[in-house]
Each structure stands twice: as C-alpha cells, then as structure tokens.
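# Coordinate analysis (summary)
Okay, here's what each chain looks like letter by letter:
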Amino acid sequence: MSSEPHSAEWFGEQRDYWWNRDFLQLMAARWQLSAAGSLADIGCGLGHWSRLLYPLLRPGARLVGVDREPRWIAEAPVLFRRVFPEVPPDLISFQTGAATQLPLQDNTFDVVTCQTLLMHLPDPVAGLREMLRILRPGGLLVCVEPNNFWNYVACTSLTEAESVETLVRRFEFWLRQHRGRLAVGRGNHSLGDLLPGYFAELGLSDIRVYQNDRPAPLFPPYASSDQKALLQQERQWEACATGPWDKPDMRQLWLKGGGVEANFESAFDDIHGKYRAEQKALKEGSLHASGGSINYLVSARKP
Ligand SMILES: C[S@@+](CC[C@H](N)C(=O)[O-])C[C@H]1O[C@@H](n2cnc3c(N)ncnc32)[C@H](O)[C@@H]1O
C-alpha cells in the first residue's frame, strides 16, 4: 500500500473535469442550493467538490470542509482562496476529522455533502448517521458515490477483439478485488448502487437519485483539455513497473475475495497486459472509449 496520503493518486488535474457546470446549475436549482446558508463537505480532500458547490449557495454562505488527512486540510484553503479571493476568510474553514466522528455540532448545516468518501468507509451507514447528526432538520443531504466496478469492465475499442472467456475472467478478477476490499474493510467502490436503499433505511424523506452527465471519454486525437488531463494521469501511471496496479495488494484482495492462489498470476498478467495494450493503442492514436464513470448523486431531506 502507498505511504502517500489517502487518495493522492486521484488528485490530479483530471479531477477538475468531472462535472459539467450547467449540469451542476441544474442540480442546484433542483436542490434549491441558492437558499442554503451553510454547507459541510465531508472527506473534502483538496476541496474540488467544495469549490464547485460554493458559488451555487446563498451569497455569504459558510463552508466547512472536513478530512482525516492533515495535508489536504493544509492545501485546500490555499486552492479555495485562489479561486475565490473575495470571500471573507471567516466564512471558510477546513478541519481535520474523522467522517464517523465529525468535529461539528448537531443540527447545524443547511447542506451536508460528500463526494467519493462513503465508498472508502468500512461502515458507510455510520458515516451517513454522522452526516445526518450535523444536518439541521429539513436540511439537504447530498452524497456523490460511484459504481467503479463498471469502469473496469466497460467496452473499449480493444475489448471487441477479445474472447468471451477473457472478458469473463477479467470480470471475475475485478469482482474478487471488490469482494476482497469489502472483506478487509476498505469500503465498497460501487457504493453508489446501494445508497438510495441506505437513505430509505435511515428514514430520510424526498429521496432522489441522479447520475452525473459527464463520463471520461477518450478518442483520437485526444485533443480536448479533459482528455489531455486524462493522458497526463496515464503517463504518471506508465512510469510504474506495474502501471497503476499494486500487485502484492491485489494478490491479497484476490485471496480475500475468494480467489484461488494458483490462478492469481495469470489473472494479474491479463489485466496488466490489457493495460499495456491500451497504452500502446493510445500512443498509436487508436484507442477509443466512452469511459465508464457512473457517478450517482443521491439526495434527501432530514425529517
Ligand atoms: C476520493 S477522495 C475524495 C475527496 C473529495 N471529496 C473530492 O471528491 O475531490 C476521499 C477523501 O476522503 C478522505 N477520507 C477517507 N476516509 C476518511 C475518514 N474516515 N474520515 C475522513 N476523511 C476520510 C480521504 O482523505 C480523501 O481526501
């Protein structure tokens, strides 16, 4: 496992392209964000999500970001100030804290939100309960969480030429990684599929489920800013011997997910081979794909 702070490998420039602004404006209208005077962003990281939502709130709104990683909490205010130099400093704070034990008072915020946080928690419902504790009655809870499984099995221009057997084995590989993560308490990377049910179990009202309108497509000549940012991330991964994969960690997850030891090497060789083939096709300018990226936005009101 990496010694970098949590999620460091995902905090590149490509994260700035996750959302279409006009889509967020539509969501803000549906959620009536312009009436909200306070927002807490839990698991805020570098504040990508906070920075997108802040201008959609009532002018003069208060923002609090919480994350367990001190490095993100040190850097987030600097990035925020760069984008919103005019916002009075006392309206904005970023604090270290655990999602299941927030350093914030009960019934305080008009909006409590997170983006790709609950998927990392061993007990996401405990995280939801804590978010609800700090939300005022009638306030809005918004959780953005993915189905990441699909990112690994979505079609590309290369998969068309592969056998059904290869694709099924790859499906098994990712399913065992998914089950292994769950087994060792590293969260559910497809938690978005389950969130509406959790909201219902928690007794929330006005539950709504949407999907982001922004996948991560790649098609030649990869010339748009978002595609260039994706390629930049690919180049960083390419510098590692096993690409983006941590082989010992994957072996452990494979076994915890019920995989047979004797089959791991060939299963890993397959996904590594696929990765290298994609890199080659990218260099040749032939890879294309719509890019998966299923991200749900699940919202509800606290009764
Ligand atoms: C994938 S990042 C998302 C960051 C940010 N919400 C965004 O979308 O850019 C997950 C974040 O959750 C934080 N995190 C993970 N587990 C946490 C926990 N138990 N309590 C608080 N923060 C946590 C990580 O440090 C990381 O910044």
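Rules and cut-offs
Residues numbered from 1 in each chain as written. Predicted model: local features only at pLDDT ≥ 70, side-chain atom pairs only at ≥ 80, totals over all residues. Heavy atoms only, no water. Salt bridge = Lys/Arg side-chain N within 4 Å of Asp/Glu carboxyl O. Helix = DSSP H or I, 4+ residues; strand = E, 2+ residues; numbered from the N terminus. Buried < 20%, exposed > 50% of the residue type's maximum accessible area, 1.4 Å probe, protein only. Pairing = 2+ DSSP bridges. Axes fitted to C-alpha atoms, helices over the stretch in contact; angles between N-to-C directions. 1 Å grid on protein atoms, 1.4 Å probe; cavity = no way out; pocket = protein on both sides within 12 Å on 5 of 7 lines; lining within 4 Å. Points joined across faces, edges and corners; volume = space filled by probe spheres on them. Nonpolar A, V, L, I, M, F, W, Y, C, P; charged D, E, K, R; others polar. Domains from an automatic or database assignment. Contact = heavy atoms within 4.5 Å. Buried area = accessible area lost by both parts, 1.4 Å probe. Arc of directions from axis to C-beta.

### Focus on the pattern of salt bridges
- By the definition in use, this model includes 16 salt bridges.
- In this structure, Arg133 and Glu130 form a salt bridge, with 2.9 Å as the shortest nitrogen-oxygen distance. Of this pair, Arg133 and Glu130 both sit in helix H4 (residues 124-134), three residues apart, roughly one helical turn.
- According to the relative accessible area criterion, Arg133 is partly exposed, its value standing at 23%.

### A look at the sheet that holds strand S3 (residues 92-96)
- Spatial strand order, S3-S2-S1-S4-S5-S7-S6: seven strands in an open sheet with mixed pairing. Edge positions in the open sheet fall to S3 and strand S6 (205-211), since each of these has one partner strand only. Across the sheet, the axes of successive neighbouring strands diverge by a mean angle of 15 degrees, strand direction being ignored.
- The pairing of strand S5 (residues 135-147) with strand S7 (residues 294-301) spans eight bridges and is classified as antiparallel. When the bridges of S7 are listed, Cys143 appears paired with Val298.

### Let's talk about the layout of surface pockets
- Here the second largest pocket is characterised by a volume of approximately 150 Å³.
- Considering the residues around the second largest pocket, the lining is formed by Arg15, Asp16, Arg21, His48, Arg51, Leu52, Pro55, Val83 and Phe84.
- Taken together, the residues of the lining of the second largest pocket break down into four nonpolar, one polar and four charged.

### Considering the domain arrangement of the protein chain
- In terms of domain boundaries, the protein chain breaks down into domain 1 (8-148 + 189-216 + 293-301) and domain 2 (151-178 + 218-284).
- Each of domain 1 and domain 2 has a C-alpha centre, and these two points are 29 Å apart.
- If you look at the interface, domain 1 gives 13 residues, while domain 2 gives eleven residues.
- The contact between domain 1 and domain 2 buries some 980 Å² in all, and 48% of this surface belongs to carbon and sulfur atoms.
- Looking only at domain 1, the three residues that lose the most surface to domain 2 are Gln14, Tyr17 and Asn148, adding up to 44% of its buried area.

### What about helix H1 (residues 21-31)?
- Looking at H1, one finds that the buried residues are Phe23, Leu24, Met27, Ala28 and Trp31. All buried residues of H1 project into a common sector of 140 degrees when viewed along the axis, lining one side. Along H1, exposed side chains directed more than 90 degrees from the buried face belong to Asp22 and Ala29.
- Buried positions along H1 lie against helix H2 (48-53), S5, S6 and S7.

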